[in-house]
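Per-entry structural report
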Amino acid sequence: MFVTKPKDELEESMEKLSCTTEIQAVFILSSIVIFFCGFLILFISRFIGRNFKKWKKSKGIFLEFNSGNMRRKHSRSLTFQSHFRDRIEMLLSAQTLVGQVLVILVFVLSIGSLIIYFINSTDPVRSCSSYKDRTIPIDLTFNAFFSFYFGLRFLAADDKVKFWLEMNSIVDIFTIPPTFISYYLKSNWLGLRFLRALRLLELPQILQILRAISTSNSVKFCKLLSIVLSIWFTAAGFIHLVENSGDPWLQGRNSQTISFFESIYLIMATMSTVGFGDVVPKTYLGRIFIIVFTLGSLVLFANYVPEMVELLANERKYTSSYEVVKGKKFIVVCGNITVDSVMAFLRNFLRHKAGEINTEIVFLGEVSPSLELETIFKHHMAYTTFISGSALKWEDLRRVAVDSAEACLIIANPLCSDSHAEDSSNIMRVLSIKNYYPNTRIIIQILQSHNKAFLPKIPSWNWNAGDNIICFAELKLGFIAQGCLVPGLCTFLTSLFVEQNKKICPHEPWQQLFCNGLKNKILTQRLSNDFAGMTFPDACQLCFTKMHLMLIAIEYKSACHGYCGLILNPPAQVKLRKNTLGFFIAESAKDVKRAFFYCAICHSDVQTPELIEKCDCKSKARRATGTTVVVMRDSQEEYCELQDPYSETRMSFYSGLSVTTKTFFCEMEEESDRLDSSGMFHWCRATPLNKMILGSALYSGDLHAVNIEECSMCAVFSSSCKSPSGPTLVDTEPIMATLNIGYLRISCSARTPSGPQFAQCFSSNPRKSKYRRIPILTELKNPSNIHFIEQLSGMEWNFSGTNLHLSTSFATGTVFSGSFLDSLLATAFYNYHVVELLQMLVTGGMNFQLEQHLDKEKLLGLNTSYSTILPGKMRCKLGLLSLNQTVLSDIEPRKTFGQIFCGSLNNLGILCLGLYRMIDEEERNPEHKREVRWCKRCWAPIQT
């Protein structure tokens, strides 16, 4: 009697047969034999080929008789091989459509083969699926295509041995042959098919071909993700194989049944170094693999996974779009977005509206912010937003809503190694923004002055709309030049126009007085209509005596003569009109409001400036309703005078840092002065620079060769490139040159240049009284390096930790640092008039129209001649006047600064702005160092 099984159970048992050790060995050995045999054949072929070439070279003379048909045949063969190989390379290249399709198809089929492996892994590893398994023909089709693609890659490879050892080749060798073996044996075994997971490493390339990712962060994230996933699946596949099969030398007696999911769980626990212990390897091969994998996973998990999380968080955090809120103003800041630039910008931008922050700042950075920069943004999160992107891409400009912004500010990096490249990149940002939205207001920092010429050539560039250029080189050189002509003026202008970056705590008495002067700034304010009809000297004296304000300039617009701009200390012929914009030296915007609220009826008897406030008299109904600053230049009232004020006056600053009329200083200039065609600058013939350079300031012999002992002023410039060793060493050369020059002692008996700016001979020590030092003006890129040259001041105190603004070098005008120029970006946004005044004082009245005129003359070769006519010489002239040895000696009384200010203004038309006086007592100041000083109290006695 026989018992038979049902048909379904019989078929199921036939589909799942037990794989013997011999069958498993056939699957694995087929790949191993192919790999090593192929490698051996290729290596031997290369060895024979190289030796045959050497033999042919050694027998070249003997084989010359075959140079006919044999050479032509060989040439045709090489040409055919090269052409065939090139065609295959183009076929496989991802640059062609066919190549892209092949790459994508291979990746998709590899993932499909990996999915088939996951499906088959649900069965025990020791079982073999029969030929009735539906996944076998599908997987066989996939691997047939992989074989075809492998052959194409093999033919296209230049180095066959290197190709054979590539990772993708190893994956194909260990996965394709077992598939054909399974078809021959009519059974299928999992084997090493988990190696198909290594194809996941090509995921970034596939996504880039499909244009699914484009940014660097997304590509980097995808690359890290593909590495982690491929390692996870490959390692899990190996554990799944060895744990279910057992160690070969024990005939599988120590095997355990473990699913592929449990293998992944074990790998994850091992990689995270947690190791719960619920799933552990039992085979020796599995334990050895876990030991090795743990060492590698420490690097993988500690570096790759946190970086992926950070990239994913930043991608979501900084790639969003800025949401424009109706009624809320904002600006866009791009360019050099670093910790230093952001801190400097925020410090100066927010100080203008302290307590009234109603303008949000959107920073557009091309790289993700560092941890320190993120901390800064979080600290100012109420009014700052960071968005990752580039101003060169319209998509990023759309995300930051440039078309709705009040302005776009572009920050430059003054410490970059290539200033031309920095300027070029910023100019391209301007061009991109203007192309995207032509009406965007642009304020840009430029490092080199000649690069300014490109910006006005942009069709949508509009000076009248508030577009502005802040040129570092132009302002820096202008400051230094004025500091050479008028010692102390460099410090004077720096303190007036720039907010100090750090709070300073003075210790010495002279430092306290000097710091009080640092509080004064240039501010603008529309004047009350009660000033209409007054002359500038009358208005200036009224502001000074009654309001404790120093009015130094007004805005003038003449429709008759086509002139529109600022006038410093205009003559009596110029009458003030309604709604005139005045430029003041004051401590706060609240103080200059007095000029707007002033009423000749209500405030005529007021003696306390703080009591000048808005009144309610009927005359106020006829007053202008405008406030302090008008951004648009074309919105101002047209003025028309009977004559151009510049026909009778010329502005100059004389010590008193003063603005004077033409009648006095014309006597100081000869009529034969050679001027350029504009009449504003002295003219001389061009001389090649190499003929003017004699040597280095680091060698005393070269200093004597240029007769440095007879120079009026020695300017020491910093190097043009940033030192790679750190910010401290960036000023190494100027510091060493300053020390070298400062060490020189010039005899007082030698010819000494005249002028009040030169140090007198030492008087406190008889042994030093016969010598003097050479006047120096040194540029420092890093302000903290001031303590290296502070000892040259001759003052007696501790120099460690000296702040730039508390140093005698800064107070006396012998050092200049361009780091303050960052603040001008915010100043130009809030009030471009202030920047105009600074450019007028520093560059002598240069504007963009005059620059275009001079560039045109240079192009046409018209600037090779000179003129002796003075009508165009309207630039400011800055200087010092002694209170005892010049026309100022006639002013009586002059016991207070107010008396000197009013006397010089009324009698001479000189506008005195400050004092250049002894810094301390003679015992502590043996070299008679002088400091720039303002008088906060107008009628305070002048200490001699």
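Residues numbered from 1 in each chain as written. Predicted model: local features only at pLDDT ≥ 70, side-chain atom pairs only at ≥ 80, totals over all residues. Heavy atoms only, no water.

Remarks on the overall build of the protein
The secondary structure content of the protein amounts to 29 helices and 22 strands. A sequence separation of at least 24 residues applies to 74% of the contacts in the protein between residues at least 6 apart. A total of about 48600 Å² of accessible surface is found on the protein, and carbon and sulfur atoms cover 59% of it. (Helix = DSSP H or I, 4+ residues; strand = E, 2+ residues; numbered from the N terminus. Contact = heavy atoms within 4.5 Å. Areas by Shrake-Rupley, 256 points an atom, 1.4 Å probe, with all protein chains shown as cover.)

Here's the deal with the pairing of strand β6 (residues 384-388)
Counting buried residues in β6 gives four out of five residues, a clear majority hidden from the surface. In terms of strand pairing, strand β5 (residues 359-365) meets β6 through five bridges, oriented parallel. Directly across from I361, in β6, lies its bridge partner T384. Remark: the β5/helix α13 (residues 371-379)/β6 crossover connection has right-handed handedness. (Buried < 20%, exposed > 50% of the residue type's maximum accessible area, 1.4 Å probe, protein only. Pairing = 2+ DSSP bridges. Right-handed = clockwise from strand over helix to strand, strands pointing away.)

Some thoughts on a nonpolar patch on the surface
A contiguous nonpolar surface patch, about 520 Å² in accessible area, is contributed by L40, F43, I44, F47 and I48. Residue placement: L40 occurs in helix α2 (residues 21-58). Looking at L40, the relative accessible area reads 49%, which means it is partly exposed. (Patch = residues over 30% accessible without salt bridge, like charges linked within 9 Å, V, L, I, M, F, W, Y side chains within 5 Å. Salt bridge = Lys/Arg side-chain N within 4 Å of Asp/Glu carboxyl O.)

Structural notes on the pattern of salt bridges
Across all of its chains, the model carries 16 salt bridges by this definition. With a shortest N-O distance of 2.9 Å, K434 and D467 are connected by a salt bridge. Of this pair, K434 sits in helix α15 (residues 419-436) while D467 sits in the loop between β8 (442-446) and β9 (468-471), placing them 33 residues apart in sequence. Like K434, the residue D467 is buried in the burial classification. Residues joined by salt bridges that share partners form a network here, namely R153, E166, D172, R196, R199 and E202.

Regarding the packing of aromatic side chains
Remark: the centre distance and the inter-plane angle together describe each pair of aromatic rings, the angle taken between the planes. Tallying each qualifying case throughout the model produces 31 aromatic pairs. Look at F479 and F816: their rings are 5.6 Å apart centre to centre, the planes differ by 25°, and that puts the pair in the stacked class. With F479 in helix α16 (residues 472-485) and F816 in strand β19 (residues 815-817), this residue pair connects regions lying 337 residues apart in the sequence. Across this residue pair, the class does not change: F479 and F816 are buried. The rings of F345, F349, F363, F377, F386, F829 and Y830 are connected pair by pair, giving a single aromatic cluster. Over the ring of F454 we find K457; its NZ or CZ atom is 5.9 Å from the centre of that ring. (Phe/Tyr/Trp six-rings, centres within 6.5 Å; stacked < 30°, edge-to-face > 60°. Lys NZ or Arg CZ within 6 Å of the ring centre and 35° of its normal.)

Examining the sheet that holds β9
Sheet architecture is open: six strands sit in the order β6-β5-β4-β7-β8-β9, paired in parallel fashion. Of all the strands in the sheet, just β6 and β9 have a single pairing partner and so form its edges. The sheet shows a mean angle of 20° between the axes of neighbouring strands, direction not considered. In this structure, strand β4 (residues 329-335) lies alongside β5, joined through six bridges in parallel fashion. Looking at β5, one finds that V332 is bridged to V362. (Axes fitted to C-alpha atoms, helices over the stretch in contact; angles between N-to-C directions.)

Describing the environment of T896
Counting through the fold element by element, T896 comes out in the loop between β20 (877-878) and α29 (897-908). T896 sits in the buried class, given a relative accessible area of 10%. Reaching out from T896, the side chain makes a polar contact with the backbone nitrogen of Q899 at a distance of 3.2 Å. (Polar contact = N/O pair within 3.5 Å; in protein donor to acceptor, adjacent residues only side chain to side chain.)

Quick notes on the sheet that holds β19
Reading across from one edge, β15-β18-β19 is the order of the three strands in this open sheet, with parallel pairing throughout. Strands with a single pairing partner mark the edges of an open sheet, and in this sheet they are β15 (714-716) and β19. Put simply, the sheet's adjacent strands are angled 15° from each other on average, direction ignored. In this sheet, strand β18 (residues 776-780) lies alongside β15 in parallel orientation, the contact comprising three bridges. Pairing of A715 across the sheet is with L777, part of β18. Packed onto the sheet, α16 meets β15, β18 and β19 and runs at close to 160° relative to β18.

Considerations on the environment of G296
By the secondary structure assignment, G296 is in helix α11 (residues 284-318). Residue classification places G296 among the partly exposed positions, given a relative accessible area of 41%. With 25 residues separating them along the chain, G296 and M271 place their C-alpha atoms 8.5 Å apart.

Topic: unusual backbone geometry
Residue P893 is reached from E892 by a cis peptide bond, and omega for that bond is -10°. Examined against the element boundaries, P893 turns out to sit in the loop between β20 and α29. A positive phi is found at R211, a non-glycine position, where the angle reads about 60°. For R211, the position within the fold is in the loop between α8 (203-209) and α9 (216-245). In this structure R211 comes out as exposed when scored by relative accessible area, which is 78%.

Overview of the environment of N303
The residue N303 is located in helix α11 in this model. Sequence separation between N303 and L224 is 79 residues; the distance between their C-alpha atoms is 9.8 Å.

Structural notes on the nonpolar core
Among the nonpolar cores identified, the biggest contains 96 residues, and F345, F363 and I552 are the most heavily contacted of them. With sequence-adjacent residues up to four places away left out, F345 is seen in contact with I331, V333, I361, F363, L409, I411 and L825. (Core = buried A, V, L, I, M, F, W, Y, C linked by side-chain atoms within 4.5 Å.)

Concerning the state of the cysteines
Taken as a whole and judged by the stated rule, the model has zero disulfides. In this structure C490 is a free cysteine whose sulfur lies 8.7 Å from that of C484, the closest cysteine sulfur available. We classify C490 as buried; its relative accessible area is 1%. With no disulfide of its own, C540 has C543 as its nearest cysteine by sulfur position, at a separation of 7.0 Å. When its relative accessible area of 0% is taken as the criterion, C540 is described as buried. (Disulfide = S-S within 2.5 Å.)

Thoughts on helix α7 (residues 167-185)
The periodicity of an α-helix, 3.6 residues per turn, causes residues three or four positions apart to be oriented the same way. Over its 19 residues, α7 runs 28 Å from end to end, which matches the ideal 27 Å to within 8%, given 1.5 Å per residue. Among all positions in α7, only N168, S169, V171, D172, I173, F174, T175, I176, P177, P178, T179 and S182 are buried. Of the residues flanking the end of α7, it is K186, one or two places downstream, whose phi is positive at about 60°. (Expected span 1.5 Å × (residues − 1).)

What about the pairing of strand β10 (residues 521-526)?
With five of its six residues buried, β10 lies for the most part within the structure. Sheet topology places β10 next to strand β13 (residues 581-586); six bridges connect them, and they run antiparallel. The partner of K521 across the bridge, within β13, is A586.

So, the packing of helix α4 (residues 97-120) against helix α5 (residues 135-156)
Here α4 crosses α5 at 145°, and the two axes come no closer than 10 Å. Along this stretch, α4 crosses α5, giving a crossing that reads as left-handed. Between α4 and α5, the residues in contact are L102, V103, L105, V106, L109, S110, G112, S113, I116 and N120 and T135, I138, D139, F142, F145, F146 and Y149, respectively. Of the residues belonging to the contact of α4 with α5, the class tally is 11 nonpolar, five polar and one charged. (Left-handed = near helix turned anticlockwise from the far one by under 90°. Nonpolar A, V, L, I, M, F, W, Y, C, P; charged D, E, K, R; others polar.)

What to know about the side chain of T535
Note on placement: T535 falls in the loop between β10 and α19 (536-547). When near neighbours in sequence (up to four residues on either side) are disregarded, T535 contacts A572, V574, K575 and L576.

Points about the side chain of H380
Note on placement: H380 falls in the loop between α13 and β6. Not counting residues within four places of it along the chain, the set of residues in contact with H380 comprises L346 and L350.

Focus: the confidence of the model for the protein
Per-residue confidence for the protein averages 75 on the pLDDT scale, and 72% of its residues sit at or above 70. Per-residue pLDDT stays below 50 along residues 620-672; that stretch engages in 167 contacts with residues further than four places along the chain or on separate chains. Below a pLDDT of 50 lies the segment residues 935-941, which in the model reaches 19 contacts outside its immediate sequence neighbourhood of four places, other chains included. (pLDDT = per-residue confidence, 0-100.)

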